Amino acid sequence: DVLKEKNYSLPFQSINEGLTKKYHVMDIKNSDNIKKCYQWTLSSVEDGSSEDQYLMLGFEVTGFIHSQQREQSIKTSIIDHIPNHYIFWKDTNSVYMGCNTTLAQAMGLKSCDEIIGKTDYDLPTTKAQSAAYRADDKEVMTSGKAKLNIEEYQTLADGKTRVLMTSKAPIFDENGSVCGVLAI
């Protein structure tokens, strides 16, 4: 009722959804038409009565969201503006999770997002090249140690083949487990 009074919609579709998801983020424009981001949580209150009662808490997280977006933008800008270098990262199955613009263009992709979910076999490289890349990925992820200055051949979207000097390093998650590989 409080949200409806201010003409705001609920940050979730049902009480069940509100209780099962850890948190909900919702944008609200204030009277000055300035957008604010709020994180909402919903909990059931047990006080012995037969009536269902819920506690809903909202915290403004606008500054946090903006700082994370700014940080991501800076990282992306740095990675995209390293000249003459291909940079990419893959998960433990050697599936691409991202790359810089230089690699995307060399592979004939319209944007960096197009590489997400692809494997080396989906790119214009030969089957033998793709198998070699994946073998190096696996070695780095299994050992947990970087492999530096790997001489690799790469066939590009235009059909030309070039020789690369590649270095790969494992990516670790917050628990210290290998969760992928980063290469330049």
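Everything here concerns the structure above.
Residues numbered from 1 in each chain as written. Predicted model: local features only at pLDDT ≥ 70, side-chain atom pairs only at ≥ 80, totals over all residues. Heavy atoms only, no water.

*Asks:* It is not clear to me how the nonpolar core should be interpreted in this structure. Could you clarify?
*Replies:* When a protein is soluble and globular, its nonpolar side chains tend to lie buried together. Counting 15 residues, the largest nonpolar core has Tyr 86, Phe 88, Cys 99, Leu 103, Met 107 and Ile 115 as the members making the most contacts within it. Only strand S5 (96-99) and helix H4 (101-106) provide two or more residues apiece to this core. Among residues more than four places away in sequence, those in contact with Leu 103 are Tyr 86, Ile 87, Phe 88, Ile 115 and Gln 154. (Core = buried A, V, L, I, M, F, W, Y, C linked by side-chain atoms within 4.5 Å. Buried < 20%, exposed > 50% of the residue type's maximum accessible area, 1.4 Å probe, protein only. Helix = DSSP H or I, 4+ residues; strand = E, 2+ residues; numbered from the N terminus. Contact = heavy atoms within 4.5 Å.)

*Asks:* Would you explain a negative patch on the surface in this entry?
*Replies:* Together, Glu 46, Asp 47, Glu 51 and Asp 52 make up a region of like negative charge exposed at the surface. By secondary structure assignment, the location of Asp 52 is in the loop between strand S2 (35-45) and strand S3 (53-60). Exposure remark for Asp 52: the relative accessible area of 60% places this residue in the exposed category. (Patch = residues over 30% accessible without salt bridge, like charges linked within 9 Å, V, L, I, M, F, W, Y side chains within 5 Å. Areas by Shrake-Rupley, 256 points an atom, 1.4 Å probe, with all protein chains shown as cover. Salt bridge = Lys/Arg side-chain N within 4 Å of Asp/Glu carboxyl O. Lys, Arg positive; Asp, Glu negative; His and termini not counted. Charge placed at Lys NZ, Arg CZ, Asp CG, Glu CD.)

*Asks:* Would you mind going over the side chain of Ser 130 with me for this structure?
*Replies:* Mapped onto the elements, Ser 130 comes out in helix H5 (residues 127-143). Its relative accessible area of 0% is what places Ser 130 among the buried residues. There is a polar contact of 2.9 Å between the side chain of Ser 130 and the side chain of Thr 125. Among all residues touching Ser 130, those that are not within four sequence positions of it are Asp 120, Tyr 121 and Thr 125. (Polar contact = N/O pair within 3.5 Å; in protein donor to acceptor, adjacent residues only side chain to side chain.)

*Asks:* What am I meant to see in unusual backbone geometry here?
*Replies:* Excluding glycine, a negative phi dihedral is what most residues carry, and trans is how most peptide bonds are arranged. Positioned with a positive phi, Ser 94 is a non-glycine residue whose angle comes to about 60 degrees. With phi around 55 degrees, Asn 149 is a residue other than glycine that occupies positive phi space. Residue classification places Asn 149 among the exposed positions, given a relative accessible area of 54%.

*Asks:* Would you take a moment to explain the sheet that holds strand S4 (residues 88-91) for this structure?
*Replies:* Spatial strand order, S5-S4-S8-S7-S6: five strands in an open sheet with antiparallel pairing. Strands at the two margins of the open sheet, each flanked by one partner only, are S5 and strand S6 (147-155). Averaged over all adjacent pairs, the angle separating strand axes in this sheet is 30 degrees, with direction ignored. Here S4 pairs with strand S8 (residues 178-183) via four bridges, running antiparallel. If you follow Trp 89 over to S8, its bridge partner there is Leu 182. (Pairing = 2+ DSSP bridges. Axes fitted to C-alpha atoms, helices over the stretch in contact; angles between N-to-C directions.)

*Asks:* For this particular structure, what's the right way to read H5?
*Replies:* Each α-helix winds once per 3.6 residues, and so residues spaced three or four apart point in a common direction. With 17 residues, H5 extends 24 Å between its outermost C-alpha atoms, agreeing within 8% with the 24 Å of an ideal straight helix rising 1.5 Å per residue. Taken residue by residue, H5 has Gln 129, Ser 130, Tyr 133, Asp 136, Asp 137, Val 140 and Met 141 as its buried positions. Taken down its axis, H5 places every buried residue within 130 degrees of arc, on the same side. Residues Lys 127, Ala 128, Lys 138 and Thr 142 are exposed on H5 and point more than 90 degrees away from its buried face. Packing partners of the buried residues in H5 comprise S4, S6, strand S7 (161-172) and S8. Directly beyond the C-terminal end of H5, a positive phi value near 75 degrees is found at Gly 144. (Expected span 1.5 Å × (residues − 1). Arc of directions from axis to C-beta.)

Functional significance is not addressed by these values, which are geometric in nature.
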